[in-house]
Amino acid sequence: MSLFSRLVTAASLWVHLLAINLFAARSVYLEEVMAFSGPAPEVVNGRLAMLGFLAALGAELSSSESILAQIQNPGSSSWILYTFVLFIGASLIPLFKGAKNEAFGPFSPKAELINGRAAMIGFAAMLAIEAVKGSALF
């Protein structure tokens, strides 16, 4: 069994365990959390954008490959996909359990939303610049 197959199997197992945990311990309904104006879409997408932007930037600085070249490399993209599944689970479980989103020192919910939005714009801008330029940004 190849490394990629084992990672896909592990990610699939994680998703199944996540689904069991979400529906067994939820106190908030799916429609409330996943609604367009609900807390999950922007929080999860913002966290994934922050992770993706930093991972793409770090990999680009170390290898001089564009984002599209990094995505086409199956060895590196499998780890980031597994990490995305972990981040999605870690973001959704507290929302389904009805946990309050409170500030912790300099880390506030408003700062997280602003940073997530900036990461979304930064990632899209990096893709657009690389598409126009035809090579890696750095």
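Here the structure is a predicted model, which means the values were calculated and not measured. (Residues numbered from 1 in each chain as written. Predicted model: local features only at pLDDT ≥ 70, side-chain atom pairs only at ≥ 80, totals over all residues. Heavy atoms only, no water.)

1. Digging into the environment of E60
The residue E60 is located in helix α3 (residues 39-63) in this model. Taking C-alpha positions, E60 is 7.1 Å from A136, a pair spaced 76 residues apart along the chain. Not counting chain neighbours up to four residues away, the residues in contact with E60 comprise E65, S66, I67, Q70, M126, E130, A136, L137 and F138. (Helix = DSSP H or I, 4+ residues; strand = E, 2+ residues; numbered from the N terminus. Contact = heavy atoms within 4.5 Å.)

2. Description of the layout of surface pockets
Its volume calculated, the second largest pocket comes out at about 190 Å³. Considering the residues around the second largest pocket, the lining is formed by R47, M50, N101, E102, P106, F107, S108, P109, A111, E112 and N115. Breaking the lining of the second largest pocket down by element, the ones donating at least two residues are α3 and α6 (109-133). The dominant element in the lining of the second largest pocket, judged by the number of residues it contributes, is α6, at 4 residues. Tallied by class, residues from the lining of the second largest pocket come to 5 nonpolar, 3 polar and 3 charged. (1 Å grid on protein atoms, 1.4 Å probe; cavity = no way out; pocket = protein on both sides within 12 Å on 5 of 7 lines; lining within 4 Å. Points joined across faces, edges and corners; volume = space filled by probe spheres on them. Nonpolar A, V, L, I, M, F, W, Y, C, P; charged D, E, K, R; others polar.)

3. As for empty space enclosed by the protein
Taken as a whole and judged by the stated rule, the model has 1 cavity of 30 Å³ or more. Each pocket or cavity is described by its volume, and for the largest cavity that value is around 30 Å³. Surrounding the largest cavity, E42, V43, G46, R47, M50, E112, L113 and G116 form its lining. Breaking the lining of the largest cavity down by element, the ones donating at least two residues are α3 and α6. Sort the elements by how many residues they give to the lining of the largest cavity and α3 lands first, with 5 residues. By residue class, the composition of the lining of the largest cavity is 3 nonpolar, 2 polar and 3 charged.

4. A few points about the confidence of the model for the protein chain
Here the protein chain averages 80 in pLDDT, and 76% of its residues register 70 or above. Within the protein chain, α6 carries the highest mean pLDDT (92), whereas helix α1 (residues 3-24) carries the lowest (61). (pLDDT = per-residue confidence, 0-100.)

5. Comments concerning a nonpolar patch on the surface
On the surface, L68, I71 and L127 cluster together into a nonpolar patch covering about 270 Å² of accessible area. For I71, the position within the fold is in helix α4 (residues 67-72). (Patch = residues over 30% accessible without salt bridge, like charges linked within 9 Å, V, L, I, M, F, W, Y side chains within 5 Å. Areas by Shrake-Rupley, 256 points an atom, 1.4 Å probe, with all protein chains shown as cover. Salt bridge = Lys/Arg side-chain N within 4 Å of Asp/Glu carboxyl O.)

6. Description of the nonpolar core
Counting residues in each nonpolar core, the largest one holds 7 residues, listed as V33, A40, V44, L48, L92, L95 and F96. Apart from the residues lying within four places of it in its own chain, the contact partners of L48 are F84, F87 and I88. (Core = buried A, V, L, I, M, F, W, Y, C linked by side-chain atoms within 4.5 Å. Buried < 20%, exposed > 50% of the residue type's maximum accessible area, 1.4 Å probe, protein only.)

7. So, the pattern of salt bridges
This model, assessed by the stated rule, comprises 2 salt bridges. With its nearest N and O atoms 2.4 Å apart, the salt bridge here joins R117 to E42. Placement of the pair is R117 in helix α6 and E42 in helix α3, with a sequence separation of 75 residues. Residue class for R117 comes out partly exposed when judged on its relative accessible area of 41%. On the basis of relative accessibility, which here comes to 30%, the residue E42 falls in the partly exposed class.

8. Observations concerning the packing of α3 against α6
The geometry of α3 relative to α6 is characterised by a closest axis approach of 8 Å and an angle of 45° between their N-to-C directions. Classed by the angle they form, the pair α3 and α6 counts as oblique. In this structure, α3 crosses over α6, and the sense of that crossing is left-handed. Where α3 abuts α6, its residues E42, V43, N45, G46, R47, A49, M50, G52, F53, A56, L57 and E60 lie against E112, L113, N115, G116, R117, A119, M120, G122, F123, M126 and E130. When the residues that make up the contact of α3 with α6 are grouped by side-chain class, the tally is 11 nonpolar, 6 polar and 6 charged. (Axes fitted to C-alpha atoms, helices over the stretch in contact; angles between N-to-C directions. Parallel < 35°, antiparallel > 145°, perpendicular 65-115°, else oblique. Left-handed = near helix turned anticlockwise from the far one by under 90°.)

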